[in-house]
Amino acid sequence: MKPVLLIAINFAREQRWPIFVLLLWVLLLAFLGLVTDIRHDREDLLLLFKYVAVYAVVFSIFFGGSAIYNERRSRRIVSVLSKAVGRQQYLSGLVLGVTLACAIYCFALGMTGSWTLGEAGFPVSQVWFLMLCLVAACTLAGTVALTFSTFLNPFFAAGATAVVLGLPALASHTMGPQWAYVIPVWELALTVIRASFDSPGTASWFLIEQAVAQTVAFWLLSARIFSYVDIAVAVE
Amino acid sequence: MAPVLEFENVTKEYRSFPRRRLRALDKFSLRVEAGEIFGFLGANGAGKSTAIHLAMGFMRPTSGTGRLLGEPFGHARARRRVGFLAENVALYHRRAERLVRFYGALNGMGGSHLEKRARHVLEMVGLQDDLKRNVGKFSRGMLQRVGLAQALVNDPELLILDEPTSALDPLARVAVRELLLRAREAGKTIFLSSHLLSEVELVCDRVAMLHHGRLVRLGRTADLLQASEQTEIVARGIAVTCFAGAVARDGIVSFSVSTSAQRAAMEQVWSLGGEIVSVSPLRRSLEDIFLEVTAGPQSTRGGVH
């Protein structure tokens, strides 16, 4: 477990600049909370909150899709895997790292949202529930991207991830709501997007459980694929 | 005693689109015994790094098997007892001491022991004044030394070093050479891949040469260097023109002849009124052997099919 944690923390550390840029959006939300009349501009604040929240899902796909590629291109992966670290542990570290990076962002967003939206009358507990949905969506999206990135370059991995996340969403609209539980990233993101002061979010815990279970499934799949991949050859 | 590193009929092919295959290693077999410094030589593209990466489990062989410290290639448990330095070392940008601690922690180390060990190995490679500096600001030579420190941090039984001195200045090279010799005295095994043949000649007990993925020479360094068919005769009191290729200096004439013609040459010296100063088998350098091996025809390549 120790190598997994070390790799995860190291991954989040290596992503500090993208995380910092993301946090600037949270700062913008906090700034608006300071300079505007929160009660009067509450719909605008909620809209910004939703936008900023959904960016996390997009970033998690980039984090997951480029993690292995960046490590291989920089050859740093070799120095890690030359230690007593198994391939599955390495992948687990990256999944946890993506989750950690997104969780840092969601925590900052949750704190700012609790203050600004809480002041405007949005239930604080619901803000944190939405952040939980967001972390679950980010982790699943990042893991799906990571799975594709074990055998595709980041561009194609991101494209394939978008297709895999989008198809169940499309199917749930055309073929029935049961499809919403298949890779429920879109459904969890919708929970955040649909939240309003009148209806602050209606996602079920079942959806989050599904996301966690499917994250584990994709993590196992990615570890299986990655165990067969030659990693020391040049990637370009 | 079981070998610390063993390749058995290992073949590795790289495949690329469309249907191209490059055989980097071809039925490669090798055993590295405990407690020796083993030199692994070959031209660029000979397959040295491929063999090392297979041993470390970074890739899988197309066919054949191998064992590292008694475990099949790729076992994380075996790597806990191995120190590895890659060619073109690439490390995370953080303070040298923290970085070495990070790599030590990945090997299951921790606490004050790791802290002391990290400082110790950085001192061993001459970076005691740079413990707190970010390695992102290090020169290539310093990076290579940090790379060596992270390879040594877990006090490994087997050190696998891919070009460990390529970016080092002569002083640092001497220091690394001494470090390797001390490690051997402490019972460690060192698998050293290098282009610096003079370094290999100085420290390695045994040497293997690889050419186009095939093992073409293997033996004790001393034996390889003496395996010459030539003898050098040094004499005085004769004219330099008496023997083809002879060189004169301060009245001393030296020339080399084939071992079979040695007796006749000595008798000729005596018949000319000269005196034999010394007769010794001509030592070759690893460079001579390397050039002889790598000058072979391209058709021996395992090759592009």
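Since this is a predicted model, take the numbers as computed values, not measurements.

What counts and what doesn't
Residues numbered from 1 in each chain as written. Chains lettered and ligands numbered in written order. Predicted model: local features only at pLDDT ≥ 70, side-chain atom pairs only at ≥ 80, totals over all residues. Heavy atoms only, no water. Phe/Tyr/Trp six-rings, centres within 6.5 Å; stacked < 30°, edge-to-face > 60°. Helix = DSSP H or I, 4+ residues; strand = E, 2+ residues; numbered from the N terminus. Lys NZ or Arg CZ within 6 Å of the ring centre and 35° of its normal. Buried < 20%, exposed > 50% of the residue type's maximum accessible area, 1.4 Å probe, protein only. Pairing = 2+ DSSP bridges. Patch = residues over 30% accessible without salt bridge, like charges linked within 9 Å, V, L, I, M, F, W, Y side chains within 5 Å. Areas by Shrake-Rupley, 256 points an atom, 1.4 Å probe, with all protein chains shown as cover. Salt bridge = Lys/Arg side-chain N within 4 Å of Asp/Glu carboxyl O. Axes fitted to C-alpha atoms, helices over the stretch in contact; angles between N-to-C directions. Left-handed = near helix turned anticlockwise from the far one by under 90°. Contact = heavy atoms within 4.5 Å. Nonpolar A, V, L, I, M, F, W, Y, C, P; charged D, E, K, R; others polar. 1 Å grid on protein atoms, 1.4 Å probe; cavity = no way out; pocket = protein on both sides within 12 Å on 5 of 7 lines; lining within 4 Å. Points joined across faces, edges and corners; volume = space filled by probe spheres on them. Buried area = accessible area lost by both parts, 1.4 Å probe. Core = buried A, V, L, I, M, F, W, Y, C linked by side-chain atoms within 4.5 Å.

(A) Spotlight on the packing of aromatic side chains. On inspection of all chains with the given rule, the structure shows 20 aromatic pairs over all chains. Here the aromatic rings of Phe107 of chain A and Trp128 of chain A are separated by 5.9 Å at their centres, their planes lie at 40 degrees, and the arrangement is tilted. Note that Phe107 of chain A is positioned in helix α5 (residues 87–119) and Trp128 of chain A in helix α6 (residues 124–149), a separation of 21 residues in sequence. Through pairs of rings, three or more aromatic residues link up here, namely Phe7, Phe28, Phe38, Phe40, Phe73 and Phe191 of chain B. A cation over a ring is seen here: Arg87 of chain A above Phe226 of chain A, with NZ or CZ 5.2 Å from the ring centre.

(B) Seen up close, the pairing of strand β7 (residues 158–162) of chain B. All names here are of chain B. With 5 of its 5 residues buried, β7 lies for the most part within the structure. Residues of β7 alternate between two faces, with Leu158, Ile160 and Asp162 on one and Leu159 and Leu161 on the opposite face, all of them buried. As judged from the 4 bridges shared by strand β6 (residues 82–85) and β7, these two strands associate in the parallel manner. Bridging from a neighbouring strand, Val82 pairs with Leu158 of β7. Pairing of β7 with strand β8 (residues 189–193), which is carried by 5 bridges, proceeds in the parallel orientation. From the neighbouring strand, Leu158 faces β8, where its bridge partner is Thr189.

(C) Region of the structure containing a nonpolar patch on the surface. Residue and element names in this part refer to chain A. A contiguous nonpolar surface patch, about 520 Å² in accessible area, is contributed by Met1, Leu5, Ile9, Leu96, Leu100 and Ile104. Sorting the residues of the nonpolar patch by element identifies α1 (2–14) and α5 as the ones contributing at least two each. With 3 residues, the top contributor of residues to the nonpolar patch is α5.

(D) Here's a closer look at the packing of helix α3 (residues 96–106) of chain B against helix α5 (residues 140–152) of chain B. All names here are of chain B. Across the interface, α3 lies against α5 with an axial gap of 9 Å and an inter-helix angle of 35 degrees. By crossing handedness, the relation of α3 to α5 is classed as right-handed. Residues Leu99, Val100 and Tyr103 of α3 form the contact with α5, whose participating residues are Val146, Ala149 and Gln150. Here the contact of α3 with α5 is composed, by residue class, of 5 nonpolar, 1 polar and no charged.

(E) Geometry of the pattern of salt bridges. All names here are of chain B. Summed over all chains, the structure comprises 23 salt bridges over all chains. Put simply, Arg23 and Glu13 hold a salt bridge, and the shortest N to O gap is 2.7 Å. On the criterion of sequence distance, the pair formed by Arg23 in strand β2 (residues 20–32) and Glu13 in strand β1 (residues 5–16) is long-range, its members being 10 residues apart. Looking at Arg23, the relative accessible area reads 22%, which means it is partly exposed. Among the charged side chains, a network of salt bridges with common partners joins Glu13, Arg15, Arg21, Arg23, Asp26 and Arg214.

(F) Structural context of the sheet that holds strand β14 (residues 275–281) of chain B. Residue and element names in this part refer to chain B. With antiparallel pairing, 4 strands are arranged side by side in an open sheet as β12-β13-β11-β14. Among the strands making up the open sheet, the edge pair consists of β12 (247–249) and β14. Each adjacent strand pair in this sheet contributes to an overall mean axis angle of 20 degrees, direction not counted. Two elements, strand β11 (residues 230–236) and strand β13 (residues 252–258), share 7 bridges in a ladder whose sense is antiparallel.

(G) Fine view of the environment of Ala53 of chain A. Residue and element names in this part refer to chain A. Structurally, the position occupied by Ala53 is in helix α3 (residues 42–73). Residues Ala53 and Ala217 lie 164 residues apart in sequence; the distance between their C-alpha atoms is 25 Å. Setting aside residues up to four positions removed in sequence, Ala53 forms contacts with Tyr105, Leu109, Leu134 and Val192.

(H) Examining the pairing of strand β3 (residues 37–42) of chain B more closely. All names here are of chain B. Buried residues dominate β3, accounting for 6 of its 6 residues. Going residue by residue along β3, you find Ile37, Gly39 and Leu41 tucked away on one face and Phe38, Phe40 and Gly42 tucked away on the opposite face as well. Bridging between β3 and β8 involves 4 bridges; their strand directions are parallel. Residue Ile37 lies in a different strand from β8, and its bridge partner there is Ile190.

(I) Structural context of the layout of surface pockets. Residue and element names in this part refer to chain B. Its volume calculated, the second largest pocket comes out at about 380 Å³. Taken together, 21 residues form the lining of the second largest pocket, with Gly57, Met59, Arg60, Phe73 and Gly74 sitting closest to its centre. Elements supplying a minimum of two residues to the lining of the second largest pocket: α1 (48–56), β4 (63–68) and α2 (76–79). No other element matches the 4 residues that β4 contributes to the lining of the second largest pocket. Along the lines of polarity and charge, the residues of the lining of the second largest pocket split into 9 nonpolar, 7 polar and 5 charged.

(J) Here's a closer look at the environment of Gln268 of chain B. Residue and element names in this part refer to chain B. Mapped onto the elements of the fold, Gln268 is located in helix α9 (residues 262–271). Exposure remark for Gln268: the relative accessible area of 36% places this residue in the partly exposed category. In this structure, the C-alpha to C-alpha distance between Gln268 and Ile238, residues 30 residues apart in sequence, is 10.0 Å. What Gln268 contacts, discounting residues up to four positions off in sequence, is Cys242 and Phe243.

(K) Structural context of the interface of chain B and chain A. The interface of chain B with chain A comprises 29 residues on the first partner and 28 residues on the second. Between chain B and chain A, roughly 2,500 Å² of surface is buried when both sides are summed, and carbon and sulfur atoms account for 54% of that area. There are 1 salt bridge connecting chain B and chain A. Among the ionic pairs, Asp230 of chain A bridges to Lys12 of chain B, the shortest N-O distance being 2.5 Å.

(L) Expanded view of empty space enclosed by the protein. Residue and element names in this part refer to chain B. One pass over the full model with this rule turns up 3 cavities of 30 Å³ or more. Contributing to the lining of the largest cavity are Pro164, Thr165, Val176, Arg177, Leu180, Leu192, Ser194, Glu199 and Val203. Counting residues per element, the ones that place at least two in the lining of the largest cavity are α6 (170–185) and α7 (197–203). For the second largest cavity, the calculated volume is near 60 Å³.

(M) Main features of the nonpolar core. By size, the foremost hydrophobic cluster in this structure holds 153 residues, and its most contacted members are Tyr90, Leu109 and Leu134 of chain A together with Phe191 of chain B. A per-element tally of this core places α6 of chain A first, with 16 residues. Setting aside anything within four residues of it in sequence, one finds Leu134 of chain A in contact with Ala53, Ala56, Val57, Cys106, Leu109 and Val192 of chain A. One finds Ala235, Phe243, Phe255 and Ala265 of chain B within the second-largest nonpolar core, a separate group that totals 12 residues.

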